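Here's the letter readout for the chains.
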Amino acid sequence: MKTVLLLCLAAVVVADKSARIVNYQYGIEEDGAYEAKYQTTNDIESSDSGISYPGEVPEAGNYVRTGSYSYTWEGKTYTVTWTADENGFHPSGDHLPDFSHTREHIGSIDDHL
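Notes on the structure in this doc start here. Model, not experiment: these values are computed from the prediction.

### Topic: the pattern of salt bridges
Link 1 in the chain: In this structure the tally under the stated criterion is 1 salt bridge.
Link 2 in the chain: Residue Arg-65 pairs with Asp-48 through a salt bridge whose shortest N-O separation is 3.0 Å. On the criterion of sequence distance, the pair formed by Arg-65 in strand E4 (residues 61–73) and Asp-48 in strand E3 (residues 45–54) is long-range, its members being 17 residues apart.

Written out as structure tokens, the structure reads:
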């Protein structure tokens, strides 16, 4: 998990070579829950949290995550909030299309198993 977050941070720095991380916080609890956030000098902010739900056998289970990130482009700030769970990644933001109606057409993942 830390590796993924650090790779995301590296991608941000590559996009703007003068950008610096000004705030980075990460914590993990004994139950596997975590919270992470960072902020950069070029107005990018990200936060996410999650918890692991173990499965009945080793290497099974699920991680439920929620978070948001925002960035400024051409003077406008864009914010994306998201959840990720056993049903996939679900982003939402004022600038993103609304795909919530899709579930009505395709059903849930359990319908296809």
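Back to the write-up after that little detour.
### Things to note about unusual backbone geometry
Link 1 in the chain: Phi at Asp-43 is positive, roughly 65°, even though this residue is not glycine.
Link 2 in the chain: Summarising the element assignment, Asp-43 is placed in the loop between strand E2 (34–40) and E3.
Link 3 in the chain: Its relative accessible area of 48% is what places Asp-43 among the partly exposed residues.
Link 4 in the chain: One non-glycine residue, Glu-74, lies in the positive phi region at around 50°.
Link 5 in the chain: Mapping Glu-74 onto the fold places it in the loop between E4 and strand E5 (76–85).
Link 6 in the chain: For Glu-74, a relative accessible area of 73% translates into the label exposed.

### Structural notes on the environment of Thr-66
Link 1 in the chain: Summarising the element assignment, Thr-66 is placed in strand E4.
Link 2 in the chain: Each C-alpha atom, one on Thr-66 and one on Ser-47, is 8.5 Å from the other, the two residues being 19 residues apart in sequence.
Link 3 in the chain: Residues in contact with Thr-66, not counting those within four places in the same chain, are Ser-47, Asp-48, Ser-49, Trp-82 and Thr-83.

### Some points on the sheet that holds strand E6 (residues 88–92)
Link 1 in the chain: Strand order in the open sheet made by the 6 strands is E1-E2-E3-E4-E5-E6, with antiparallel pairing throughout. Edge positions in the sheet fall to strand E1 (21–28) and E6, since each has one partner strand and no second. Between one strand axis and the next, the sheet turns by 10° as a mean value, whatever way the strands run.
Link 2 in the chain: Pairing of E2 with E3 involves 6 bridges; the strand directions are antiparallel. Bridging across to E3, Glu-35 finds its partner in Ser-49.

### A look at the pairing of E4
Link 1 in the chain: Here E3 pairs with E4 via 10 bridges, running antiparallel. Its bridge partner being in E4, Ser-47 is matched across the sheet by Ser-68.
Link 2 in the chain: The antiparallel pairing of E3 with E4 creates a hairpin that spans 6 residues between the two strands, and Glu-59 there sits at a positive phi of about 70°.
Link 3 in the chain: Here E4 runs beside E5; their pairing, made up of 9 bridges, is antiparallel. Bridge pairing in E5 links Ser-68 to Thr-81.

Rules used throughout
Residues numbered from 1 in each chain as written. Predicted model: local features only at pLDDT ≥ 70, side-chain atom pairs only at ≥ 80, totals over all residues. Heavy atoms only, no water. Salt bridge = Lys/Arg side-chain N within 4 Å of Asp/Glu carboxyl O. Helix = DSSP H or I, 4+ residues; strand = E, 2+ residues; numbered from the N terminus. Buried < 20%, exposed > 50% of the residue type's maximum accessible area, 1.4 Å probe, protein only. Contact = heavy atoms within 4.5 Å. Pairing = 2+ DSSP bridges. Axes fitted to C-alpha atoms, helices over the stretch in contact; angles between N-to-C directions.

Read these as geometric descriptors, not functional statements.
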